[in-house]
Amino acid sequence: MPFEGDPPRVALIAAVAENGVIGADGGIPWRLSSDLKRFKALTMGHTLVMGRATFQSIGRPLPGRRTLVVTRTPLAGVETVPSLDAALAAAARPVFLAGGARIYAEGMARADTIFLTRVHAAPDGDTRFPTIDPAVFACVLEAKGERTEADDHEFDLLVLKRRVS
Ligand SMILES: NC(=O)c1ccc[n+]([C@@H]2O[C@H](COP(=O)([O-])OP(=O)(O)OC[C@H]3O[C@@H](n4cnc5c(N)ncnc54)[C@H](OP(=O)(O)O)[C@@H]3O)[C@@H](O)[C@H]2O)c1
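My aim in this report is to walk through the structure given alongside it, one point at a time. Because the structure is a prediction, the values reported are computed rather than measured. (Residues numbered from 1 in each chain as written. Predicted model: local features only at pLDDT ≥ 70, side-chain atom pairs only at ≥ 80, totals over all residues. Heavy atoms only, no water.)

## Here's the deal with unusual backbone geometry
Note that the residue after R93, namely P94, is joined by a cis bond; omega there is 0°. Summarising the element assignment, P94 is placed in the loop between α3 (84-90) and β6 (95-97). Following G99, the chain continues to G100 via a peptide bond in cis, the omega torsion being 0°. Here G100 shows up in the loop between β6 and α4 (101-108). A positive phi is found at D25, a non-glycine position, where the angle reads about 50°. Residue placement: D25 occurs in the loop between β2 (21-23) and α1 (33-43). (Helix = DSSP H or I, 4+ residues; strand = E, 2+ residues; numbered from the N terminus.)

In structure tokens form, the structure reads like this:
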């Protein structure tokens, strides 16, 4: 497992543009193959929690991971739960909260770790990542991503941890 330091218990995992955008028209407004690989490496074997729109944009449960979809309306072919609290009660640890905006906003109060890919772009979009309070989360790791031909933009890989109060 590619965790540095203490493994997370409840983590947010997101790719966020410089203007806070995470989504546009139900999809992600960039192609970053390296980030998808990082997402896979971090989450494989664990539980993913996502909102209904994010699940529908992916279209299926991701292999090798338990997927819990938060929605008021049960869906065929995937486990659904009515709230983030229900998801957190059902999930083993570590659990990864994979968006969208409300899952991130509600999950921020519950998370000990944020795996953030900072995408060096400012695309138009309709979905944004919530503000991270620097008094609550500290960046413990920041590395320049290795851009390949399959990546639209430069990017940095950050790990933030909840400060001990
Ligand atoms: N860049 C990234 O890392 C990243 C990650 C994830 C998603 N995205 C993008 O973000 C967009 C989707 O995000 P979104 O914010 O629009 O939608 P979303 O959170 O994926 O889905 C919204 C729906 O999920 C359910 N839901 C979410 N939070 C809930 C809660 N706390 N309690 C109960 N139900 C809840 C509701 O479903 P019902 O209406 O069915 O009740 C709600 O309408 C897409 O563009 C996607 O590609 C980007």
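## Here's the deal with the site of the ligand
Around the ligand, the surrounding shell holds 26 residues, and the nearest of these are R52, T54, T71, R72 and A101. In this structure, A53 approaches the ligand through a main-chain N or O atom, which is 3.1 Å from an oxygen atom. Between the ligand and G100, the relevant distance is 3.1 Å, taken from an oxygen atom to a main-chain nitrogen or oxygen of the residue. When the ligand is considered free in solution it has 910 Å² of accessible area, and contact with the protein chains removes 86% of it. Counting residues per element, the ones that place at least two in the shell around the ligand are β1 (10-17), β2, α2 (52-58) and α4. A total of five residues in the shell around the ligand trace back to one element, the largest contributor, which is α4. Among the residues forming the shell around the ligand, the class breakdown is 13 nonpolar, nine polar and four charged. (Near = heavy atom within 4 Å. Polar contact = N/O pair within 3.5 Å; in protein donor to acceptor, adjacent residues only side chain to side chain. Areas by Shrake-Rupley, 256 points an atom, 1.4 Å probe, with all protein chains shown as cover. Nonpolar A, V, L, I, M, F, W, Y, C, P; charged D, E, K, R; others polar.)

## Concerning the sheet that holds β1
Strand order in this open sheet of eight strands is β5-β4-β3-β6-β1-β7-β10-β9, and the pairing throughout is mixed. The open sheet terminates on both sides in strands that have one partner only, identified here as β5 (79-81) and β9 (137-144). Across the sheet, the mean angle from the axis of one strand to that of its neighbour is 25°, orientation sign disregarded. Where strand β4 (residues 66-70) and β5 come together, three bridges link them in parallel fashion. Each residue of the ladder has a partner; that of V70, found in β5, is V81. (Pairing = 2+ DSSP bridges. Axes fitted to C-alpha atoms, helices over the stretch in contact; angles between N-to-C directions.)

## Some remarks on the environment of D126
Topologically, D126 is positioned in the loop between β7 (113-119) and β8 (127-128). A C-alpha to C-alpha distance of 7.0 Å links D126 and D25, two positions 101 residues apart in sequence. If we ignore the near neighbours within four places in the chain, the residues touching D126 are G23, A24 and D25. (Contact = heavy atoms within 4.5 Å.)

## Observations regarding the pairing of strand β10 (residues 155-162)
Burial analysis of β10 places six of its eight residues in the buried class, which makes it a mostly covered element. Pairing of β7 with β10 involves seven bridges; the strand directions are antiparallel. Each bridged residue has a counterpart across the sheet, and for R118 the counterpart in β10 is D156. Inspection of the sheet shows β9 paired to β10 by seven bridges, in the antiparallel sense. Counterpart to K144 in the pairing with β10 is D156. (Buried < 20%, exposed > 50% of the residue type's maximum accessible area, 1.4 Å probe, protein only.)

## Re the pairing of strand β3 (residues 47-51)
The element β3 is largely enclosed, with a buried count of five among its five residues. Burial along β3 is two-sided: the residues T47, V49 and G51 and L48 and M50 are all buried. Two elements, β3 and β4, share five bridges in a ladder whose sense is parallel. From the neighbouring strand, G51 faces β4, where its bridge partner is V70. Once the chain exits β3 it traverses α2 before rejoining the sheet at β4, and the crossover so formed is right-handed. Note that β3 and β6 share three bridges and pair parallel. Following the sheet pairing, T47 is matched in β6 by V95. (Right-handed = clockwise from strand over helix to strand, strands pointing away.)

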